[in-house]
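Chains, contacts and geometry: an overview
Each chain, letter by letter, is given below.
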Amino acid sequence: MRFIGCKTLLLEDIKQVIDEKAPDAESLCDIFSGTATVARYFKQWYRVYSNDLLYFSYVLQMGTIENDSVPSFEKLKAELKIDDPIDYFNGLEAGDMESLPKENRFFQNTYAPMGGRMYMTDENALRIDFARNTVEDWKKNELITDNEYYYLVACIVEGIPFVSNISGTYGAFHKTWERRSYKKYELFRLDVTSNGKENRCFNGDGVEVIKELSGDILYIDPPYNGRQYLPNYHVLETAAKYDFPEVRGLTAQRPYEDAKSDFCLKTKVVAAFDRLIQNAQFKHIILSYSTDGLMTVEDIEKVMKKYGKPETFKIYWIPYRRYKSRAQGEKEELKEMLVYIEK
């Protein structure tokens with residue numbers, strides 16, 4: 001999934017730091033999980049805790065982290081003769097879904113041309129609506145377990161970016177159709193790693209959730225800049241919640257006052273980071289951050305040394321692109337960094 005700050009390209013770098021600094025660790029906490037890329041990757045070796053303020057992230061986590069295998073959907077097979085719900089939804093023809101009442105088609109009525117917007121085509125929106133309504137009905141009628149429910153909703157959410165008429169986020173849609181928009185929407189079949197451990201997922205403010213947890217490794221990947229995440233991913237949030245929110249404006253934004261992060265606010269980020277590190281009951285702390293973030297390197301070092309062992313503090317620099325400074329007209333190097341300290 002395309003996601004601001006996704007750490008797919010840094011997984012091996014993070015693993016090298018862990019192998020060097022915490023070779024005997026048994027548990028890992030991904031406190032700002034996002035698409036759960038880091039949590040999923042390290043689940044093969046560790047007991048994993050994951051958390052995020054956004055509900056769609058929580059759904060992705062529940063589907064792939066708390067689930068220790070792909071669900072079997074036994075009751076669905078017995079009652080409705082549906083052996084594979086992913087194949088069932090993906091195999092539907094457009095006419096098969098027309099029975100869905102118009103008032104139940106939130107995506108088609110809000111994000112597609114039928115609703116005056118172009119996040120996706122009408123047919124793809126209807127496919128999402130049909131899948132979400134059906135999964136809710138199955139859950140209500142106890143035809144699927146909670147684990148099966150989260151897995152299916154995660155597969156629904158994961159498939160949406162592949163057909164979305166956007167540049168990368170849902171802050172706006174294109175006024176003409178991009179090539180991906182013409183693809184048929186399908187649920188994305190997610191893999192689930194089995195580690196035989198009691199992995200747990202949370203949906204809250206990381207600064208508060210951290211108080212409930214303890215373990216070996218804490219991985220911190222907070223927002224870097226002033227862009228709040230929910231406005232950029234509101235369509236995915238609605239797909240996960242399917243709560244028929246009152247949207248506003250041309251971009252159909254959902255309310256997000258309760259989902260703002262202090263890590264996106266220049267006046268609050270250092271204090272929030274301080275509380276997070278102070279309350280972290282983990283021996284090894286690894287922060288992923290960027291040199292164009294709201295916190296300076298000096299801010300980060302001061303806070304981490306305040307609560308950790310100063311002699312263990314280390315920065316691993318990872319150059320990842322160069323850009324031209326508009327202010328000075330000279331090239332500057334923008335770097336990603338992994339920062340380690342033992343607490």
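Now for a quick tour of the structure. (Residues numbered from 1 in each chain as written. Predicted model: local features only at pLDDT ≥ 70, side-chain atom pairs only at ≥ 80, totals over all residues. Heavy atoms only, no water.)

Some points on the side chain of Asn-51
- Tracing the backbone through its elements, the reader meets Asn-51 in strand 2 (residues 47-51).
- Those residues in contact with Asn-51 that sit more than four places away from it in its chain are Asp-30, Ile-31, Phe-32, Ser-33, Gln-61, Phe-202, Asn-203, Gly-204, Asp-205, Gly-206 and Val-209. (Helix = DSSP H or I, 4+ residues; strand = E, 2+ residues; numbered from the N terminus. Contact = heavy atoms within 4.5 Å.)

Looking at unusual backbone geometry
- Despite not being glycine, Ala-36 shows a phi value in the positive range, around 70 degrees.
- For Ala-36, the location among the structural elements is in the loop between strand 1 (27-30) and helix 2 (37-42).
- Positive phi is not limited to glycine here, since Glu-142 has a value of about 60 degrees.
- Relative to the assigned elements, Glu-142 resides in the loop between helix 7 (122-140) and helix 8 (146-159).

Points about the pairing of strand 2
- Of all five residues making up strand 2, four are buried, and the element is well covered by its neighbours.
- Across four bridges, strand 1 lies against strand 2 in parallel orientation. Bridging across to strand 2, Leu-28 finds its partner in Val-48.
- Bridge count between strand 2 and strand 3 (residues 200-202): three bridges; the pairing is parallel. Bridge pairing links Asn-51 to Phe-202 in strand 3. (Buried < 20%, exposed > 50% of the residue type's maximum accessible area, 1.4 Å probe, protein only. Pairing = 2+ DSSP bridges.)

Points about the environment of Cys-264
- Inspection of the secondary structure assignment puts Cys-264 in the loop between helix 11 (234-241) and helix 12 (269-279).
- Taking the C-alpha atoms as reference points, Cys-264 and Val-297, separated by 33 residues in sequence, lie 16 Å from one another.

Focus: the side chain of Asp-274
- The topology assignment puts Asp-274 in helix 12.
- Setting aside residues no more than four positions away along its own chain, Asp-274 makes contact with Val-303, Lys-306 and Tyr-307.

Considerations on the packing of aromatic side chains
- Summed over the entire model, instances satisfying the criterion amount to 23 aromatic pairs.
- Directly above the ring of Trp-45 sits Lys-15, whose terminal nitrogen or CZ lies 4.8 Å from the centroid.
- Here Lys-335 stacks its cationic end above the ring of Trp-317, 5.2 Å away from the centre of that ring. (Phe/Tyr/Trp six-rings, centres within 6.5 Å; stacked < 30°, edge-to-face > 60°. Lys NZ or Arg CZ within 6 Å of the ring centre and 35° of its normal.)

Quick look at the pattern of salt bridges
- This model, assessed by the stated rule, comprises 19 salt bridges.
- With its nearest N and O atoms 2.9 Å apart, the salt bridge here joins Asp-19 to Lys-15. Linking Asp-19 with Lys-15, this pair stays in helix 1 (residues 11-21), spanning four residues, or about one helical turn.
- You can call Asp-19 partly exposed: its relative accessible area is 41%.
- Salt-bridge contacts for Lys-77 lead to Glu-74; the nearest nitrogen and oxygen are separated by 3.8 Å. Of the two residues, Lys-77 and Glu-74 are both situated in helix 4 (residues 74-80); the distance of three residues between them amounts to about one turn of the helix.
- Relative accessible area serves as the criterion here: at 27%, Lys-77 is assigned to the partly exposed category.
- Linked by salt bridges that have partners in common, Glu-20, Lys-21 and Lys-314 make up one network. (Salt bridge = Lys/Arg side-chain N within 4 Å of Asp/Glu carboxyl O.)

Some points on the packing of helix 3 (residues 55-66) against helix 8
- Between helix 3 and helix 8, the least distance of the axes is 8 Å, while the angle of their chain directions is 125 degrees. Classified by the angle between their axes, helix 3 and helix 8 sit oblique to one another. When the axes of helix 3 and helix 8 are compared, the crossing they make is left-handed. Where helix 3 abuts helix 8, its residues Tyr-55, Phe-56, Tyr-58, Val-59, Leu-60, Met-62 and Gly-63 lie against Tyr-150, Tyr-151, Val-153, Ala-154, Val-157 and Glu-158. (Axes fitted to C-alpha atoms, helices over the stretch in contact; angles between N-to-C directions. Parallel < 35°, antiparallel > 145°, perpendicular 65-115°, else oblique. Left-handed = near helix turned anticlockwise from the far one by under 90°.)

Brief notes about the pairing of strand 4 (residues 214-220)
- Looking at chain direction, strand 1 and strand 4 are connected through three bridges and run parallel. Bridge pairing links Cys-29 to Leu-218 in strand 4.
- One ladder, built from six bridges, connects strand 4 with strand 5 (residues 281-290); its direction is parallel. The partner of Gly-215 across the bridge, within strand 5, is Phe-282.

Section: helix 13 (residues 297-307)
- All buried positions along helix 13 are accounted for by Ile-300, Val-303 and Met-304. The buried residues of helix 13 occupy one face: seen down the axis, they fall within an arc of 95 degrees. Along helix 13, exposed side chains directed more than 90 degrees from the buried face belong to Glu-298, Lys-302 and Lys-306. (Arc of directions from axis to C-beta.)

Here we look at the nonpolar core
- Counting residues in hydrophobic clusters, the biggest one holds 63 residues, and the most contacted among them are Phe-107, Val-135, Trp-138 and Ile-160.
- Elements that contribute at least two residues to this core include exactly helix 3, helix 5 (85-90), helix 6 (106-110), helix 7, helix 8, helix 10 (229-232) and helix 11.
- Among the elements that line this core, the one with the most residues is helix 8, at nine residues.
- When near neighbours in sequence (up to four residues on either side) are disregarded, Val-135 contacts Phe-89, Ile-144, Tyr-149, Leu-152, Val-153 and Ile-156. (Core = buried A, V, L, I, M, F, W, Y, C linked by side-chain atoms within 4.5 Å.)

Some words on the environment of Arg-180
- For Arg-180, the position within the fold is in the loop between helix 8 and strand 3.
- Of the polar contacts made by the side chain of Arg-180, one reaches the backbone oxygen of Ile-166; its length is 3.2 Å. (Polar contact = N/O pair within 3.5 Å; in protein donor to acceptor, adjacent residues only side chain to side chain.)

Bear in mind that shape data such as this cannot, by itself, settle questions of function.
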